[in-house]
Amino acid sequence: MIKDALIAVKTALQNVSALRYSGEDWGQLDYFRQVPVRFPCALVEVEQVTYSDNSRRCQQGVALLTVRIADNRIFNGSFQSPASEEEFAMYDLLQTIYATLQGLSGTTFSPLTRRNLIRVRRDDSIREFRMSFEFAFTDNDASSKR
């Protein structure tokens, strides 16, 4: 269910040619002096799940899956330099990731629906956005145990 969605998202992101790294978010952008990823990257994690009962041993889950998209591109930001097509390339990447993941579904989870996009302010040179998607699933594992 949740794991199936994460695997499907990671597999889909591997087809985004602009990404140089994609995988599970275990803090690669947060806890290292030398970040152990290649940029641009996309890191995936389920941040929140809300459950409700369908029956005594079956629950419906609604999950919020977050993709952290980050780049560490150095460019000449002088007003006197000519505008570069790469200057806003991050927005092309964000749109490509949205188009890749919107509606993605599997046998154990409903289609992903984008819910929000947030720019993360950081004190290093990494530019980061968080794009969240919602999906639903049914967990009836408790009923198979008895």
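Quick note: structure is the one above.
Residues numbered from 1 in each chain as written. Predicted model: local features only at pLDDT ≥ 70, side-chain atom pairs only at ≥ 80, totals over all residues. Heavy atoms only, no water.

## What to know about the packing of helix α1 (residues 2-13) against helix α2 (residues 89-101)
Here α1 crosses α2 at 130°, and the two axes come no closer than 10 Å. The pairing of α1 with α2 is recorded here as oblique in orientation. In the crossing of α1 with α2, the sense of the turn from one axis to the other is right-handed. Across from Val-9, Ala-12 and Leu-13 in α1, the residues of α2 making contact are Ile-97, Thr-100 and Leu-101. Tallied by class, residues from the contact of α1 with α2 come to five nonpolar, one polar and no charged. (Axes fitted to C-alpha atoms, helices over the stretch in contact; angles between N-to-C directions. Helix = DSSP H or I, 4+ residues; strand = E, 2+ residues; numbered from the N terminus. Parallel < 35°, antiparallel > 145°, perpendicular 65-115°, else oblique. Left-handed = near helix turned anticlockwise from the far one by under 90°. Contact = heavy atoms within 4.5 Å. Nonpolar A, V, L, I, M, F, W, Y, C, P; charged D, E, K, R; others polar.)

## Here we look at the sheet that holds strand β4 (residues 113-120)
Pairing is mixed across the open sheet formed by five strands, whose spatial order is β1-β2-β3-β5-β4. Looking at which strands have only one partner, the edges of the open sheet turn out to be β1 (21-24) and β4. This sheet shows a mean twist of 20° between the axes of neighbouring strands, independent of strand direction. Pairing of strand β2 (residues 41-55) with strand β3 (residues 58-71) involves 13 bridges; the strand directions are antiparallel. Bridge pairing in β3 links Tyr-51 to Gly-61. The strands touched by α1 within the sheet are β1, β2, β3 and β5 (127-139), with β2 carrying the most contacts at an inclination of about 150°. (Pairing = 2+ DSSP bridges.)

## Quick notes on α2
For α2, with 13 residues, the first-to-last C-alpha span of 19 Å sits near the 18 Å given by 1.5 Å per residue. Those residues of α2 that sit buried are Ala-89, Met-90, Leu-93, Leu-94, Ile-97 and Leu-101. All buried residues of α2 lie within an arc of 145° about the axis, which places them on one face of the element. When the buried face of α2 is taken as reference, the exposed residues oriented beyond 90 degrees from it are Asp-92 and Ala-99. Of the surrounding elements, those touching the buried residues of α2 are α1, β3, β4 and β5. Positive phi appears at Gly-103, one or two residues downstream of α2, with a value of about 85°. (Expected span 1.5 Å × (residues − 1). Buried < 20%, exposed > 50% of the residue type's maximum accessible area, 1.4 Å probe, protein only. Arc of directions from axis to C-beta.)

Bear in mind that shape data such as this cannot, by itself, settle questions of function.
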